[in-house]
Amino acid sequence: MTDPFADVVALLQPSLPFSKMASGSGPWRVDAPATARPLFCVLLEGAARLSAPGEEPMELQAGDFILIPAACDFTMSSIEPVDPKNAAHFVVTKRDEETRHGDPDGPANMRMLVGGLAFGSPDASLLVSLLPRLVHVRGERQFATIVQLIRNEAKEEKPARDMVLTRLLEVLLIEALRSASGGSASPGLLRGLSDERLAAALRKIHADPKHDWTVEKLAGEAALSRSVFFERFRKAMGVAPIEYLLSWRMAIAKKLLRCGDEGIKEIADRVGYGSASAFSIAFTRFVGMPPTHYARAQKDGHLLES
């Protein structure tokens, strides 16, 4: 069976630029500004409080996993109240084995593994927009195990290291996302797939993107009326059905153009266009340049994606 989530994660091309251990002692707080790099953390010991825009503040417990796919500001702090006027609560001490927040000499009340993810796909912003803003998983011990495997592999210079890291990161992302599925998830692919009716339509899109899909046909696959399907899809996914179909077709087309193994006519057929000219017009409108220019720029290595 076609797995849309696995499709998206595979196209993201995740890698691990860095990971580190962090601990806290006494009252402590970290105000993390938004960066271009998605972040994850696994709370290994103790507890902490997390606040992020658009989310209710949450208390994290040992074993909790947090994934923030898109850039956003967030605050991590001790459960013990923090005095914003007390500079000691914001002290950061760099150690060989970890970064300490708060009291540099006191006993730790929190210890976590923090990592940064990088997505190699030029379509990362499009694909990340299909994921929830924040993923919180509790009670899944395998996350700490997977992350520790990633950390160990990152520190070693073993054969096929990059390949192993890529596979582990894909497993981590898929496990995190499917563990956090449900109607309470943020609009995006995760929430859409948690709806049995919408999931049927999404799997059809991913299984056969070249098909001449219309809202009526997709609504039929979901066993819903056209109007109900359209509103349900838009509310769950954050985009209209045909907008999602077009975005997915263009993500596939970009990947094929980057590989350079097929011609424009073959790629046009793969993504549902009857001719190379029709595909070129649609691609140019969506991307901002003709597919031949995009492929050449990718080959030359100087294309800057917005």
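If you're wondering where the values come from, they're calculated on a predicted model, not measured in any experiment.

Peer 1: Looking at this structure, I do not really get the pairing of strand β1 (residues 14-25). What am I missing?
Peer 2: If a strand is regular, its side chains alternate between the two faces of the sheet. Pairing of β1 with strand β9 (residues 110-119) involves nine bridges; the strand directions are antiparallel. Residue pairing across strands places Gly24 opposite Met110, the latter belonging to β9.

Peer 1: Help me understand the environment of Leu172 in this model?
Peer 2: Secondary-structure assignment places Leu172 in helix α4 (residues 161-179). In this view, Leu172 contacts Phe40, Phe65, Phe143, Ile146, Val147 and Ile150; residues no more than four positions away in its chain are not counted.

Peer 1: Sorry if this is basic, but what is going on with the layout of surface pockets here?
Peer 2: Once rolled over the atoms, a probe with the size of a water molecule shows which space is left empty. As a volume, the largest pocket reaches approximately 420 Å³. Every residue lining the largest pocket is counted, 22 residues in all, and those nearest its centre are Val30, Ala32, Leu39, Phe74 and Val114. Listing elements by their share of the lining of the largest pocket, those giving two or more residues are β1, β2 (29-32), β3 (39-51), β5 (65-68), β6 (74-77) and β9. Of all the elements, β3 adds the most residues to the lining of the largest pocket, at four residues. Tallied by class, residues from the lining of the largest pocket come to 17 nonpolar, two polar and three charged.

Peer 1: Just checking my understanding: could you explain the confidence of the model for the protein for this structure?
Peer 2: Note: predicted coordinates in regions of low pLDDT should not be interpreted at a detailed level. The predicted model of the protein has a mean per-residue pLDDT of 84, with 89% of residues at 70 or higher. Averaged pLDDT values over the elements of the protein bottom out at 66 in helix α2 (residues 124-128) and peak at 97 in helix α7 (residues 215-221). When the criterion is pLDDT under 50, residues 302-306 qualifies, and its contacts beyond four places in sequence or with other chains add up to 10 contacts.

Peer 1: What's the story with the nonpolar core in this structure? I'm lost.
Peer 2: Generally speaking, a soluble globular protein has its nonpolar side chains buried in company with each other. Residues Phe65, Leu172 and Phe229 are the most contacted members of the largest nonpolar core, which totals 62 residues. Looking at which element gives the most residues to this core, the answer is helix α9 (residues 241-259), with nine residues. Here this core spans two domains, since at least three of its residues come from each of domain 1 (4-180) and domain 2 (189-303). Not counting the four nearest positions on each side in its chain, Phe229 is found in contact with Leu198, Ala201, Val215, Leu218, Ala219, Ala222, Leu224 and Pro241. Ranked by size, the runner-up nonpolar core spans 19 residues in total, among them Ala32, Leu43, Ala48 and Ile68.

Peer 1: Could you clarify how one ought to interpret the packing of aromatic side chains in this entry?
Peer 2: All told, the structure shown has six aromatic pairs when counted by the stated rule. Summarising the aromatic geometry, the rings of Phe283 and Tyr294 are spaced 5.6 Å apart at their centres and angled 70° between planes, so their arrangement reads as edge-to-face. Here Phe283 is found in helix α11 (residues 276-287), whereas its partner Tyr294 is found in helix α12 (residues 291-300), with 11 residues between them in sequence. Of the two residues, Phe283 and Tyr294, neither departs from the other in class, the shared state being buried. Positioned above the aromatic ring of Tyr273, the side-chain terminus of Arg249 is 5.9 Å from the ring centre.

Cut-off values and rules
Residues numbered from 1 in each chain as written. Predicted model: local features only at pLDDT ≥ 70, side-chain atom pairs only at ≥ 80, totals over all residues. Heavy atoms only, no water. Pairing = 2+ DSSP bridges. Helix = DSSP H or I, 4+ residues; strand = E, 2+ residues; numbered from the N terminus. Contact = heavy atoms within 4.5 Å. 1 Å grid on protein atoms, 1.4 Å probe; cavity = no way out; pocket = protein on both sides within 12 Å on 5 of 7 lines; lining within 4 Å. Points joined across faces, edges and corners; volume = space filled by probe spheres on them. Nonpolar A, V, L, I, M, F, W, Y, C, P; charged D, E, K, R; others polar. pLDDT = per-residue confidence, 0-100. Core = buried A, V, L, I, M, F, W, Y, C linked by side-chain atoms within 4.5 Å. Buried < 20%, exposed > 50% of the residue type's maximum accessible area, 1.4 Å probe, protein only. Domains from an automatic or database assignment. Phe/Tyr/Trp six-rings, centres within 6.5 Å; stacked < 30°, edge-to-face > 60°. Lys NZ or Arg CZ within 6 Å of the ring centre and 35° of its normal.

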